[in-house]
Structure formats: C-alpha cells, structure tokens
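Structural overview for review
Here are the chains, one letter per residue:
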Amino acid sequence: EYYPMLGLLLAAGVRYEHSRQCVRYWKDTAEERLAKLRNNDLFPALNVKYTIRKNQNLRLGLSRTVTRPSFIEMAPFEYQESYGGATVRGNADIKNGYNYNADLRYEAFQGYGNMVSFGLYYKYLDSPIERVQAYSGSLFQSFRNVSEGQVDGVELDFRRTLTKHSNLDFNASYIYTHIP
C-alpha cells in the first residue's frame, strides 16, 4: 500500500500460482489416458481509492484472474445431467481461460451501516470455456475454449440500517456478455 498524497491510496500486488489439474480416464478401447493442465501464472492486481470527501470514495480496480475447467468440463466421458436431459461429454483438451478485469465504483456512506454505491465494470475474456452442441452419431453437449469474449455491466448497491438488528440491502445489476 502506498499513499502518494492525502486521500489517495494505491494498493498493488501480484500472486504467483503453480497449478496442476488431472483427470485419469479410459478410452472405449480400455486404453488409459490422462487429461492434464499444468500452469505457472502471475495474477497482478491494482486498487486505487481516492477519498473525495470524508464519506465519499472513488475506487478503481484492475486485475487478472483465471477460470479453470471443472471436472465435468474436462473429463471426456458421457453422462446425463438429469433423466431425459441432454447427453454431456467433457473435453480432455480444454484449457484454462483468463480474465482481465476493470472496475470503477463510486461509494457514499451515511452514518453507521448506511451506504450507496454505483459501479461500472468490464472483463476481457481470453480463451473462455463455453458449452457447445456437437454431433457424433447423435447430438450431445460438450465444452471448448473460444478465442475471446467480454462482459460489461453496471451495478447499484444500497444498504440501510433499519433497527439495531435489521438491515435493508439492495443490489441491481445489468450484465452484458458477448462471446463471438
């Protein structure tokens, strides 16, 4: 954390992560296989808070995060999620997706426990994991990495203390997601 001037806070950091994820499976020919992901990643983050007045802040957050495939997305066998539902098959070649995040937020505080905030956010998705329909003798659903995507949105938060033991919380968001 660094305070370059009164009312301005810069907080920066970076996290190194070594991750391994494996799914052991057998092909229809009884041949054993291993789907694996091994990654060495850096996840930087920067948070800037500017105090406009004693009870008002403007915040900016920038970060890089990861979306890892779940077991069902990575395990290459077929199953049905529910009786009569679609057949789903995982993808042994699936990779991690990476997210580049930006968040700008205005906050106002009015006494203990009372707050209103308005935020804008944007995420660039690099190789996001998507559910797709495929055909191989019959229709099934699977997963794959697509090249890119984006998420934009606005958010309104409201918190009001009603009594000593009760609060009113409200959150409204509009989220736009686009995967070409």
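Residues numbered from 1 in each chain as written. Predicted model: local features only at pLDDT ≥ 70, side-chain atom pairs only at ≥ 80, totals over all residues. Heavy atoms only, no water.

1. Some thoughts on the overall build of the protein
Rules: Only runs of H or I of at least four residues qualify as helices and only runs of E of at least two qualify as strands under DSSP, and these elements are numbered from the N terminus. In this setup the radius of gyration rests on C-alpha atoms only. A globule is expected at 2.2 Å times the number of residues raised to 0.38. Three exposure classes are used, based on accessible area relative to the maximum for each residue type with a 1.4 Å probe and protein chains only: buried under 20%, partly exposed in between, and exposed over 50%. What makes two residues a contact is simply this: any of their non-hydrogen atoms within 4.5 Å. Surface exposure here means Shrake-Rupley accessible area, sampled with a 1.4 Å probe, where a residue is shielded only by the protein chains that are shown.
Counting secondary structure elements, the protein contains 1 helix and 12 strands. Helices and strands in the protein line up, N terminus first, as β-β-β-β-α-β-β-β-β-β-β-β-β. In terms of C-alpha radius of gyration, the protein reaches 22 Å, well past the compact-globule figure of 16 Å for 180 residues. Each principal axis of the C-alpha atoms in the protein carries an extent, and together these give about 70 × 40 × 35 Å. Looking at the protein as a whole, 29% of its 180 residues are labelled buried. Put simply, of all contacts in the protein between residues at least 6 apart along the chain, 54% involve residues at least 24 apart. For the protein, the exposed surface amounts to about 12,100 Å²; the carbon and sulfur share of it is 55%.

2. Overview of the packing of aromatic side chains
Formally: For Phe, Tyr and Trp, rings pair up if their centres lie within 6.5 Å, where Trp contributes its six-membered ring, and each pair is then called stacked (planes under 30 degrees apart), edge-to-face (over 60) or tilted (otherwise). The rule for a charge over a ring is simple: NZ of Lys or CZ of Arg within 6 Å of the ring centre, and within 35 degrees of the ring normal.
Summed over all chains, the structure comprises 3 aromatic pairs. Geometrically, the ring pair formed by F71 and F77 is tilted, given 5.9 Å between the ring centres and 50° between the ring planes. Through successive ring pairs, a cluster of aromatic residues spans F71, F77 and Y79. The ring of F140 has R89 sitting right over it, with the charged end atom 3.9 Å from the ring centre.

3. A look at the sheet that holds strand 8 (residues 115-126)
Which entries qualify depends on this criterion: Only strands joined by at least two bridges in the DSSP assignment are considered to pair. Every axis in this analysis is a line fitted to C-alpha atoms, fitted for helices over the stretch in contact. Angles between the N-to-C directions lie between 0 and 180 degrees.
One open sheet accounts for 8 strands, arranged 1-2-3-4-7-8-11-12; its pairing is antiparallel. Each edge of the open sheet is held by one strand with a lone partner, namely strand 1 (2-5) and strand 12 (166-178). The average angle at which neighbouring strand axes cross in this sheet is 15°, direction not considered.

4. Side note on the pairing of strand 1
Successive residues of a regular strand alternate their side chains across the two faces of the sheet. Pairing analysis gives 2 bridges linking strand 1 to strand 2 (residues 8-26), with the strands arranged antiparallel. The partner of M5 across the bridge, within strand 2, is L8.

5. Considering the nonpolar core
Stated formally: Take the buried residues of types Ala, Val, Leu, Ile, Met, Phe, Trp, Tyr and Cys, join any two whose side-chain atoms come within 4.5 Å, and each joined set is a nonpolar core.
Of all hydrophobic cores here, the largest spans 10 residues; its members are V23, Y25, A35, L37, M74, A75, V88, I94, I129 and F143. When contributions to this core are tallied by element, the ones reaching two or more residues are strand 2 and strand 3 (32-53). In contact with V23, not counting residues within four places along its chain, are R33, L34, A35, F71, M74 and A75.

6. Considering the pattern of salt bridges
Pairing between side chains of opposite charge can happen when the charged atoms of each approach one another. Selection criterion: Any Lys or Arg side-chain nitrogen found within 4 Å of a carboxyl oxygen on Asp or Glu counts as a salt bridge.
A complete count under the given rule lists 9 salt bridges for this structure. With a closest N to O distance of 1.9 Å, R68 and E17 form a salt bridge. Linking R68 in the loop between strand 4 (56-67) and helix 1 (71-74) with E17 in strand 2, this pair joins segments that are 51 residues apart in sequence. The class for R68 is partly exposed, based on a relative accessible area of 32%. Across the pair E31 and R33 runs a salt bridge, and its minimum N-O distance is 3.0 Å. Through salt bridges with shared partners, one network takes in R15, E17 and R68.

7. Quick look at the pairing of strand 11 (residues 148-163)
Where strand 8 and strand 11 come together, 12 bridges link them in antiparallel fashion. Bridging across to strand 11, D126 finds its partner in E148. As judged from the 13 bridges shared by strand 11 and strand 12, these two strands associate in the antiparallel manner. Paired with D152 across the strands is Y176, a residue of strand 12.

8. A word on unusual backbone geometry
In this model, A30 sits at a positive phi of 65°, which is unusual for a non-glycine residue. Note that A30 resides in the loop between strand 2 and strand 3. Located in the positive-phi region is S127, a residue other than glycine, with phi close to 60°. Here S127 is to be found in the loop between strand 8 and strand 9 (129-135). For S127, a relative accessible area of 25% corresponds to the partly exposed category.

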